[in-house]
Amino acid sequence: MPASPAEAAPALRLAQVHAGYRDRPVLKGLSLTIAAGEAYALLGPNGAGKSTAARVACGLLRPERGTVSVGGPSPSSSADRGRHVGLAPQDCALFPALTIRENLETIARLGSARSPGGDRACRTSAVEDALRRTDCIARADERVSSLSGGWRRRANLAAALVSRPSLLVLDEPTEGVDARTRTNLVRAVRDTLDTGAGCLIISHDAAFVTQAADRVGVLADGRLIAEGPLGALLAQTFGEHRLLTVRFVNRPPEVLTRQLMASRLESNGDALVWRRVGADVLDLADRLADAIDGGAGEMIIRRPGLDELLDRLLESRS
Amino acid sequence: MIAVFRACALGFLRDRGGLAMTLLLPPLVYLLFASVFGSSSRGEIEASLSLYDEAQTPASRALEQDLRSRLGRRQTTEPDAATVEAAVVAGRADVGAVLRPGANAFPDIEILTAAGREVAAAAVAGQVRRMAVVGPPPPGAPEVRIRTVGPPGDAQSVYYAGAVSIMFVFFAAMHGAMTGLDDRRSGLQARLSLVAGGLGPILAGRAAWLTVVGVAQSLTILAVAAPNLPPTQPWQIAAWMFTALLASVAAAGIALAVIALCRSRDQAQPLSTFVVLLMAALGGSMAPRFLMPDLIRQLGWATPHAWAIEAGQTLLWRGVMDKTVIAAWAVLGAAGIAGGFLALRIETRRAPV
């Protein structure tokens with residue numbers, strides 16, 4: 001049985017990390033902790049420092065200041081840290097001419113070369129385990145070059161799992177995948193968390209983050225501006241507010257446009273989609289229903305989600 | 001390391017087009033080069049000359065002085081005819097000349113050449129003949145004859161076995177090393193280096209694989225060239241293969257370093273082609289170095305090609321294992337190791353682990 005998150009050492013701890021490239025500082029005092037068995041999604045706009053944070057966590061980039069530890073007390077070197085990390089890069093980082101199984105075996109062999117106890121049986125077991133968790137067994141003996149995008153994503157994740165890492169780092173793991181594969185990847189991640197590993201997710205996929213992450217952190221300009229369970233952040237930011245979305249197939253008539261603007265709905269620019277977050281959107285929807293219906297539009301009311309949270313946090317910061 | 005080597009091997013074996021190009025093209029080009037350059041070298045040649053003046057007449061001394069002023073340090077004077085012959089056979093001089101007492105005012109001139117360098121001998125013979133008759137015309141004319149010295153066998157075949165081998169070993173190494181760019185771009189290199197604890201085992205695995213490909217290429221060329229080679233002992237073949245192994249190590253190290261300098265295939269392709277062609281041209285893979293100007297010949301020693309070809313000639317044609325071979329092995333091995341370390345340093349600075 002894996003230790004509970006409260007008992008186990010954190011899967012990742014970044015403390016006051018400053019890092020960047022040459023003269024360009026990217027992370028400016030980033031601190032975050034991922035508990036064992038916890039999935040943490042690091043969100044933010046492009047250039048906020050998400051990928052840099054992932055590189056620092058993996059040991060691929062040395063921080064200029066601050067400390068990094070993976071799976072317990074800080075190891076002696078970033079190279080040592082790497083062996084505790086399973087990285088699934090944004091691209092499909094596999095040998096295309098090899099099958100999924102051969103790729104996993106290659107990675108397992110490299111890993112076992114550093115661990116005297118890593119014998120053949122251990123490697124085989126790790127490979128089969130990674131294939132099973134990602135549901136890759138059916139296509140395990142097909143070459144990566146012949147796989148579809150979704151299967152490559154699964155294989156990419158399987159390759160990150162094969163070293164049985166303390167920390168899983170997923171960089172945009174669902175780019176270009178369908179809903180079914182996304183569900184499969186979520187299941188694989190959650191299944192891995194049950195073994196006591198932590199997971200750092202870098203993703204723009206709101207659906208994946210919502211399903212997979214226990215906590216989210218919002219990064220802007222190299223600093224964490226919000227952190228917590230997604231539900232708590234949403235409740236804290238929006239309370240009982242709802243999101244009203246109005247969509248049109250064609251540009252609405254001028255009269256209706258003026259009415260929407262007067263009701264403080266904001267357009268995305270082409271006047272086909274209008275949105276407003278507020279406590280009164282139910283009443284507002286009632287008032288606008290006939291007009292919108294006449295303009296061949298549709299209304300959706302729901303609780304604000306991750307996208308709205310990011311928009312709000314980044315707006316309020318700017 | 002073994003895991004990466006195995007992965008590289010599987011990828012290579014499954015790329016049939018690449019497999020065919022890697023193993024069939026080199027012997028084809030070898031046959032082409034050997035037939036074209038073997039019989040058609042023409043033009044002015046800056047050959048080096050080893051000379052012994054046995055005649056010691058005013059005319060012979062004047063001829064020696066004249067040669068020295070024209071050839072400069074390309075001409076050496078030896079104490080006896082045997083030393084001249086040894087210098088020609090060993091490749092220290094392209095051509096030898098022995099000035100013997102003649103029947104008239106001129107010395108008889110014996111031009112010594114090794115098989116495959118007849119063009120250089122003919123050029124030198126022509127020069128000597130012209131120089132000997134400059135001045136007031138004495139009765140008669142110098143007798144100039146050319147004698148081929150050294151072991152029997154087709155020296156050109158031996159030459160091009162080495163020349164084409166090393167050129168294609170470098171082509172294949174550059175091509176193979178370029179997969180590292182894809183691995184770097186996709187994140188595979190980062191993934192593997194995390195698991196392996198650094199880039200060292202990754203680059204070592206790649207270098208080992210490139211070396212094996214290079215040796216395989218050299219073997220295919222040796223197999224095709226075998227009927228034309230002089231009679232050889234097993235030790236000569238073994239030593240030649242060791243030279244091929246070290247040449248492949250050098251190619252692997254240099255290729256990894258060149259590719260490490262590049263950020264994309266767009267950069268790597270022209271750069272690697274340029275480096276390969278430049279080294280091949282300077283090092284004597286495209287034409288025998290005795291056909292080149294003296295400066296280019298000296299520059300050629302900066303390439304692994306010149307050393308590999310010279311070692312091959314020494315081992316297979318001259319049939320000796322001397323300090324030239326040992327020096328070549330040292331240079332080739334050092335080039336490979338230095339290239340490998342340079343590649344590791346560049347790659348590590350690019351993605352520190």
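Quick caveat: nothing in here was measured; it's all calculated off a predicted structure.

### Describing the sheet that holds strand S12 (residues 273-278) of chain A
All names here are of chain A. The four strands are arranged S11-S12-S10-S13 in an open sheet whose pairing can be described as antiparallel. One side of each edge strand has no neighbouring strand; the edge strands of this open sheet are strand S11 (266-267) and strand S13 (297-302). Direction of pairing for strand S10 (residues 242-248) relative to S12: antiparallel, over a ladder of six bridges. Looking at S12, one finds that Thr-245 is bridged to Arg-275.

### Comments concerning the confidence of the model for chain B
Close inspection of predicted coordinates is inappropriate in any region flagged by low pLDDT. All names here are of chain B. Confidence along chain B averages 84 in pLDDT terms, with 90% of residues attaining 70 or more. Mean pLDDT in chain B bottoms out at helix H2 (residues 16-37), which sits at 66, and peaks at helix H10 (residues 234-260), which reaches 95. Here the predicted complex scores 0.79 on pTM and 0.82 on ipTM.

### Quick word on the interface of chain A and chain B
Taken together, the contacts link 30 residues of chain A with 22 residues of chain B. Looking at the side of chain A that touches chain B, the elements with two or more residues in it are helix H2 (78-82), strand S5 (85-88) and helix H3 (100-114) of chain A. For the side of chain A that touches chain B, the class distribution of residues is 17 nonpolar, seven polar and six charged.

### Digging into unusual backbone geometry
Residues and elements named next belong to chain A. You will see that Asp-135, though not glycine, has its phi angle at about 60°, which is positive. Examined against the element boundaries, Asp-135 turns out to sit in the loop between helix H4 (120-133) and helix H5 (149-161). Judged by the 16 C-beta atoms lying within 10 Å of it, Asp-135 is partly exposed. Even without glycine at this site, Arg-164 takes up a positive phi of about 50°.

### Topic: the sheet that holds strand S2 (residues 24-34) of chain A
Residues and elements named next belong to chain A. Within the open sheet, the three strands sit side by side as S2-S1-S4. Their pairing is antiparallel. Of all strands in the sheet, those bounded by a partner on one side alone are S2 and strand S4 (65-70). Across the sheet, the mean angle separating the axes of adjacent strands is 30° when strand polarity is ignored.

### Details of the domain arrangement of chain A
Residues and elements named next belong to chain A. One can read the domain layout of chain A as domain 1 (12-235) and domain 2 (240-317). Using only C-alpha atoms to locate each centre, domain 1 and domain 2 end up separated by 37 Å. Domain 1 puts 12 residues into the contact, and the matching count from domain 2 is nine residues. Counting only elements with at least two residues in the side of domain 1 that touches domain 2, the list comes to helix H7 (206-212), strand S8 (215-220), strand S9 (223-228) and helix H8 (230-238). Residue composition of the side of domain 1 that touches domain 2, grouped by class: 11 nonpolar, one polar and no charged.

Definitions and cut-offs
- Residues numbered from 1 in each chain as written.
- Chains lettered and ligands numbered in written order.
- Predicted model: local features only at pLDDT ≥ 70, side-chain atom pairs only at ≥ 80, totals over all residues.
- Pairing = 2+ DSSP bridges.
- Helix = DSSP H or I, 4+ residues; strand = E, 2+ residues; numbered from the N terminus.
- pLDDT = per-residue confidence, 0-100.
- Contact = placed C-beta atoms within 7 Å.
- Nonpolar A, V, L, I, M, F, W, Y, C, P; charged D, E, K, R; others polar.
- Buried ≥ 20, exposed ≤ 12 C-beta atoms within 10 Å, placed from the backbone.
- Axes fitted to C-alpha atoms, helices over the stretch in contact; angles between N-to-C directions.
- Domains from an automatic or database assignment.

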